[in-house]
Amino acid sequence: MDGIIDSDLILARVRALIAESLRQPASAIPLDARVDGSELGIDSLGLIKLMVRIEETFDITMPDLAAPGAAPFGSVREVAALVAREVAARQAGGAQ
């Protein structure tokens, strides 16, 4: 994901990754559904696997969700916004 950051493309790709992990069409994943709750049916192992896929796809490092006091993930839209911030930070820092 080099170049200009397109938040809509990031949102679509994050949604697609979530859909793939759930074996559902992307259109079945509501943008306001909580990723870390029971709305989507992703368990803790599934969430870890999803985060690894997101990190690999976007060449970023996501915050450690398992750390004590870590903020829980919110909606699909909020996860995509976090990914966009991490991509922007990586690009600003000069990707290797």
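So, how was this worked out
- Residues numbered from 1 in each chain as written.
- Predicted model: local features only at pLDDT ≥ 70, side-chain atom pairs only at ≥ 80, totals over all residues.
- Heavy atoms only, no water.
- Helix = DSSP H or I, 4+ residues; strand = E, 2+ residues; numbered from the N terminus.
- Buried < 20%, exposed > 50% of the residue type's maximum accessible area, 1.4 Å probe, protein only.
- Contact = heavy atoms within 4.5 Å.
- Expected span 1.5 Å × (residues − 1).
- Polar contact = N/O pair within 3.5 Å; in protein donor to acceptor, adjacent residues only side chain to side chain.

I keep staring at the environment of Leu50 and nothing clicks. Help me out?
Position of Leu50 among the secondary structure elements: in helix α2 (residues 44-58). By relative accessible area, Leu50 is classed as buried at 3%. Here Leu50 is in contact with Leu17, Ile18, Ser21, Val35 and Ile42, once residues within four sequence places are set aside.

Just to check I follow, could you spell out helix α1 (residues 7-22) for this structure?
For the α-helix, the turn length of 3.6 residues means that residues three or four positions removed from each other point alike. In this model, α1 (16 residues) spans 23 Å end to end at C-alpha, consistent with the 22 Å of a helix rising 1.5 Å per residue. Listed as buried for α1 are Ile10, Leu11, Val14, Ala16, Leu17, Ile18 and Ala19. Its side-chain oxygen 3.0 Å from the backbone nitrogen of Asp8, Asp6 forms the N-cap of α1. Just beyond α1, the residue with positive phi is Arg23, at close to 55 degrees.

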